[in-house]
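# Residue-level structural notes
Chain by chain, the residues run as shown.
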Amino acid sequence: MNVPRRPPRSAWRSPWRSPLRGPWLTSVFGLVLLCGLPLLFLTGLLSYAAYNPDLSPVNDKTPAKGLLGFYLFSWPTHPYWLYRVNQGVHVTLGIVLVPVLLAKLWSVIPKLFALPPVRSLGHALDRLSLLLLVGGALFEFLTGLLNVQLDYVFPGSFYPLHFYGAWVFFGAFLAHVALRLPRMLRALRSLDLRAELRTPTSRTRPEPRDDSGLVATAPAAPTMSRRGALGMVGLGSLTLLVVTAGQSIGGPWRRTAVLAPRGRNPGTGPDGFQINKTAASVHLDDRDLGAAWRLTVAAGDRHVTLTLGELQAMTQYRSALPIACVEGWSTQDQAWEGVRLRDLARLVGHATDPPGVFVQSVQRSGSFRAVALRANQVRDPRALLALRVNGAPLSLDHGYPARVIVPNAPGVMNTKWVGRLTFGATDFGSPA
Ligand SMILES: Nc1nc2c(c(=O)[nH]1)N[C@H]1C(S)=C(S)[C@@H](COP(=O)(O)O)O[C@H]1N2
Ligand SMILES: [Mo]
């Protein structure tokens, strides 16, 4: 007598029934990430190097980095726009890849929840690398997005989280690529992209069953074609590009960056460009920045004290430079005017080849009020202690009476409300 065969257990228990899932679709998303994630990692590493973390404990948010700092090099001052472009690419690409990352995760969901969780030692290692990969990806995207969107959500701690997370994630990514690349290339050849882009929902069939575990055992009827799925993800990425890229292009495009809300309306006039921290937010007012303000310039046991009038009496130079923040926003070139850093070094005995400088703001609390600059940054003739911008004295919020502006440096190095410059020091009071 014939006993009716029950479908295999996994078939009727699996809640993942989309007929679109399969190695080909996963591989298409995978290919995009394979191109995008290394660029994201590389621009991240460069961004990290640009802080000159090896120069000073003040610049170094990840003192335990050890070997992970192996590639650090002295960040150049040429070309002056490199950091701006690097950071714009890093942040914009990170945001644009979000839909692709989510689509890729969606496409492999049956694998992530496959039972039994561990079948063998090899399988256990594979799953562990997937855990680091998926966890690492979500962690990196989340910390990055929170930092960009909500600003100082992680006071001081964003850097170590994002930095160490990046290494864990990229290690898992490399292992994953090594393990899956041949399978991915095979899967990409299994369907023809152009044919898929012409296939409507009605003619959409599941990919052939294989051992990948991605194809549904009991697929539901399609509600969308692969073309539709790819289009939806592509459109999602394109939309994100359109509503964020403006923050890195700056100028009038700043307004189009509706996803980067802060600084969208910087106003007009000479100081009509983005401000991250106002003077009031760090409790600075006329008592600190008015007539009583002095600049101390020091080197070794020499020091001079200058009033604003005395600074204005020194030779003034112009530099057209942008502010480019780690968060991805940047301004177009602004016309800064002020005293060359190397001229200030000369006042305290460094007539030629000045060393680096430790810059301190009169700001009394909060992060980013001190930074060490490398000798190449001091020596660059475009590096200024700026007193004016776009033809007018600095506004209080842009750093009146004096701020640092250095070519190709992260915004965080352009210290506002400067009170002290110590040449040849890299830390509070410590010589180089
Ligand atoms: N004293 C002081 N200087 C500072 C900061 C700060 O918080 N305090 N923020 C830095 C950061 S992170 C950036 S991006 C720029 C922003 O400059 P802006 O507000 O003039 O655009 O200033 C830098 N200089
Ligand atoms: Mo910044």
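Residues numbered from 1 in each chain as written. Chains lettered and ligands numbered in written order. Predicted model: local features only at pLDDT ≥ 70, side-chain atom pairs only at ≥ 80, totals over all residues. Heavy atoms only, no water.

Looking at an unreviewed UniProt entry, one finds the protein named Oxidoreductase molybdopterin binding domain-containing protein and attributed to Actinacidiphila rubida.

### Some points on the packing of aromatic side chains
Counted only if it meets this: Any two of the Phe, Tyr and Trp rings considered here, Trp counted by its six-membered ring, make a pair once their centres fall within 6.5 Å; the pair's planes then place it as stacked at under 30 degrees, edge-to-face at over 60, or tilted in between. Secondary structure elements are taken from DSSP: a helix is a run of H or I of four residues or more, a strand is a run of E of two residues or more, and numbering for both begins at the N terminus. Throughout, exposure labels follow a simple rule: accessible area from a 1.4 Å probe, protein chains only, divided by the maximum for the residue type, with under 20% read as buried, over 50% as exposed, and the rest as partly exposed. Throughout this description, the term charge over a ring refers to an Arg CZ or Lys NZ atom that lies within 6 Å of the ring centre and within 35 degrees of the ring normal.
Counted according to the given criterion, the structure contains 14 aromatic pairs. The interplanar angle of 20 degrees and the centroid separation of 4.1 Å between the aromatic rings of Tyr48 and Phe163 together place this pair among those described as stacked. Of the two residues, Tyr48 sits in helix α2 (residues 23-50) while Phe163 sits in helix α7 (residues 158-190), which places them 115 residues apart along the sequence. Classification of Tyr48 as buried rests on a relative accessible area of 12%. The structure contains a cluster of three or more aromatic residues connected by ring pairs, namely Phe41, Phe70, Tyr71, Trp167, Phe169, Phe170 and Phe173. For the cation-ring pair, Arg21 lies above Trp106, with the distance from its terminal atom to the ring centre recorded as 4.2 Å. If you follow Arg340 out to its NZ or CZ, it ends over the ring of Tyr317, 3.6 Å from the centre.

### Focus: the nonpolar core
Threshold: To form a nonpolar core, buried Ala, Val, Leu, Ile, Met, Phe, Trp, Tyr and Cys residues must be joined to one another through side-chain atoms within 4.5 Å. Where each domain starts and ends follows an automatic or database-derived domain assignment.
Grouped together as the largest cluster of nonpolar side chains are 84 residues, with contacts concentrated most on Leu295, Leu311, Trp336, Leu344, Leu373, Leu385 and Phe423. Of the domains in this structure, domain 1 (15-251) and domain 2 (280-423) are the two that each give at least three residues to this core. Counting residues in each nonpolar core, the second largest holds six residues, with Leu55, Val58, Phe358 and Ala372 among its members.

### Concerning helix α9 (residues 226-244)
Selection criterion: The span expected for a helix works out to 1.5 Å for each residue beyond the first. In what follows, residue pairs with any heavy atoms lying within 4.5 Å of each other are defined as contacts.
The terminal C-alpha atoms of α9 lie 27 Å apart, and with 19 residues this matches the ideal 27 Å at 1.5 Å per residue to within 8%. Of all the positions in α9, only Arg226, Ala229, Leu230, Val233, Ser237, Leu240, Val243 and Thr244 are classed as buried. Packed against the buried residues of α9 are α2, α3 (82-96), α4 (98-107), α8 (193-196) and α10 (246-249).

### As for the domain arrangement of the protein
Just so we agree on the cut-off: Defined in terms of a 1.4 Å probe, buried area is the accessible area two parts forfeit on being brought together, summed over both. For salt bridges, the criterion is a side-chain nitrogen of Lys or Arg within 4 Å of an Asp or Glu carboxyl oxygen. Pairing of N or O atoms within 3.5 Å defines a polar contact, subject to two protein rules: one partner must be a possible hydrogen donor and the other a possible acceptor, and residues neighboring in sequence count only if both atoms are side-chain atoms.
Each assigned domain of the protein is listed with its residue range as follows: domain 1 (15-251) and domain 2 (280-423). The distance between the C-alpha centroids of domain 1 and domain 2 comes to 39 Å. Taken together, the contact between domain 1 and domain 2 spans 34 residues of the former and 30 residues of the latter. Carbon and sulfur atoms make up 52% of the area that domain 1 and domain 2 hide from each other, which totals about 2,700 Å². Three residues, Thr77, Tyr80 and Arg84, lead the burial of domain 1 against domain 2; their summed loss comes to 25% of the area buried on that side. At the surface where domain 1 touches domain 2, the tally comes to zero salt bridges. Remark: the boundary between domain 1 and domain 2 carries 21 residue pairs in polar contact (both at pLDDT 80 or more).

### What about α2?
Put simply, the rule reads: Here the bend at each residue means the angle between axes fitted to two seven-residue stretches, the one ending at that residue and the one beginning there.
With 28 residues, α2 should reach 40 Å at 1.5 Å per residue; the first-to-last C-alpha distance of 40 Å fits that figure. Remark: the principal bend of α2, roughly 25 degrees, maps to Leu34, with a proline, Pro38, within the next four residues. Asn52 sits one or two positions beyond α2 and adopts a positive phi of about 55 degrees.

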